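Residues per chain, in single letters:
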Amino acid sequence: MCPADDMSHSGIFVSEGDVMAFRRTIIAWGREHFRPFPWRFTADPYRILMAEVMLHRTRAAQVVPVYSKFVGSYPDVPALARATGEELYKTLYPLGLRWRVALIYEMATHLAGRFNGSVPVEKEALLSLPGISDYIASAVRCFAWGYPDFLADTNTVRVVGRMFGLKIRDSSRRNSRFRNILAALVDMEYPRLYNYALLDVADRICVKKRPPECNVCPVAKWCIQAGGIPIHGKGICED
DNA sequence: CTCCGGGTCG
DNA sequence: CGACCGGGAG
């Protein structure tokens with residue numbers, strides 16, 4: 001029996017109220033350290049979807065100029081559907097992963113053909129789009145419509161892995177224990193702010209490079225790695 | 001579960 | 001050099 005199967009008795013969180021305090025704390029920190037990427041100032045699901053595809057295995061800073069040029073040239077699905085492959089290739093080339101050019105082009109075809117030029121809100125429909133899996137589907141649903149979907153990527157998995165002392169592997173973002181924790185932690189009232197904050201903590205504080213910045217981490221008191229856990233920490237769980 | 005992708009920048 | 005707000009193939 002590992003921590004996190006029940007948040008309130010995980011040894012990390014002593015009660016549901018403690019979980020709420022965690023959410024409030026990370027959101028408060030997130031508001032002060034919000035990274036102002038251009039795709040964070042729109043609720044247009046099309047633009048958020050395109051941003052997430054561009055962010056796939058690509059540094060956010062590298063995406064910024066390409067994203068801005070892209071939405072200027074193709075502000076909506078019809079405009080994208082009219083684009084030529086050569087135009088798209090030139091716009092997206094600086095991002096690398098050139099298979100994304102064909103993917104985005106194909107995506108425009110699906111959105112225009114099957115979804116009347118709009119981005120579907122249902123998880124199943126999003127997952128039916130080419131190149132879209134759990135992370136991007138959830139990110140679009142949360143950031144565009146405010147659904148409290150959890151985000152499981154290498155960064156958020158690293159944060160909860162350290163918090164709960166779970167061994168982090170390449171497969172952890174698809175592991176049910178990690179996913180259950182991430183799902184249980186999401187703030188149901190402010191999911192956008194919460195998920196932005198979690199991503200920003202992962203990027204600015206809980207960095208992959210060791211050691212992480214635990215001395216300035218806003219949620220260190222709920223983290224085994226940071227030496228928080230006041231009373232009965234359950235220790236490391238291997239698997 | 002493991003492995004790969006790509007131009008770009010810290 | 002190594003790593004990047006993941007997804008699909010093997």
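What counts as what
- Residue positions within a chain follow its written sequence, with the count starting from 1.
- A letter from A marks each chain and a number from 1 marks each ligand, given out in the order of writing.
- Predicted model: local features are reported for residues with pLDDT of at least 70 only, side-chain atom pairs are reported and counted for 80 or more only, and whole-chain, interface and lining totals are derived from all residues.
- As a convention, hydrogens and water are excluded, and side-chain values are obtained from all of the structure's heavy atoms.
- Starting at the N terminus, helices and strands are each numbered in turn, a helix being any DSSP run of H or I of at least four residues and a strand any DSSP run of E of at least two.
- Here the term buried applies to any residue with accessible area under 20% of the maximum for its type, exposed to any over 50%, and partly exposed to those in between, with areas from a 1.4 Å probe on protein chains only.
- Only heavy atoms matter for contacts: two residues are in contact if any of them lie within 4.5 Å across the pair.
- Whenever a nitrogen or oxygen atom comes within 3.5 Å of another N or O atom, the pair is scored as a polar contact, on the condition that within protein one atom can donate a hydrogen and the other can accept it, and that pairs from neighbouring residues in sequence are kept only if both atoms are in side chains.
- The nonpolar core is taken to be a set of buried Ala, Val, Leu, Ile, Met, Phe, Trp, Tyr and Cys residues, with the residues joined through side-chain atoms within 4.5 Å.
- Domain boundaries shown here were taken from an automatic or database domain assignment.

Q: Looking at this model, I keep getting lost on the environment of Tyr 67. Mind explaining?
A: Within the element layout of this structure, Tyr 67 appears in helix H3 (residues 60-73). Assessed through its relative accessible area of 3%, Tyr 67 is described here as buried. A sequence separation of 28 residues divides Tyr 67 from Leu 95, and the C-alpha atoms of the two residues are 9.9 Å apart. Contact partners of Tyr 67, with chain neighbours within four places excluded, come to Pro 38, Trp 39, Thr 42, Arg 47, Ala 51 and Met 54.

Q: What is the right way to read the environment of Asp 76 from this model?
A: Mapped onto the elements, Asp 76 comes out in the loop between H3 and helix H4 (77-81). Remark: the alpha-carbon pair of Asp 76 and Gly 11, spanning 65 residues in sequence, is separated by 48 Å. At a separation of 3.0 Å, a polar atom in the side chain of Asp 76 contacts the main-chain amide nitrogen of Ala 79.

Q: Can you help me understand the nonpolar core in this one?
A: Where a protein is soluble and globular, its nonpolar side chains tend to be buried together. Judged by nonpolar contacts, the single largest core of 46 residues is most densely connected at Leu 49, Met 50, Met 54, Phe 70 and Leu 80. Of all the secondary structure elements, the ones that give two or more residues to this core are helix H2 (45-55), H3, H4, helix H5 (85-92), helix H6 (99-114), helix H7 (123-127), helix H8 (134-145) and helix H11 (191-204). Ranked by residue count, the leading element in this core is H2, at eight residues. Here this core spans two domains, and each of domain 1 (7-35 + 150-222) and domain 2 (38-145) adds at least three residues to it. Setting aside its immediate chain neighbours within four residues, Leu 80 contacts Tyr 46, Met 50, Phe 70, Tyr 74, Leu 88, Ile 104 and Ala 108. Counting residues in each nonpolar core, the second largest holds 34 residues, with Phe 13, Ile 26, Phe 150 and Val 157 among its members.

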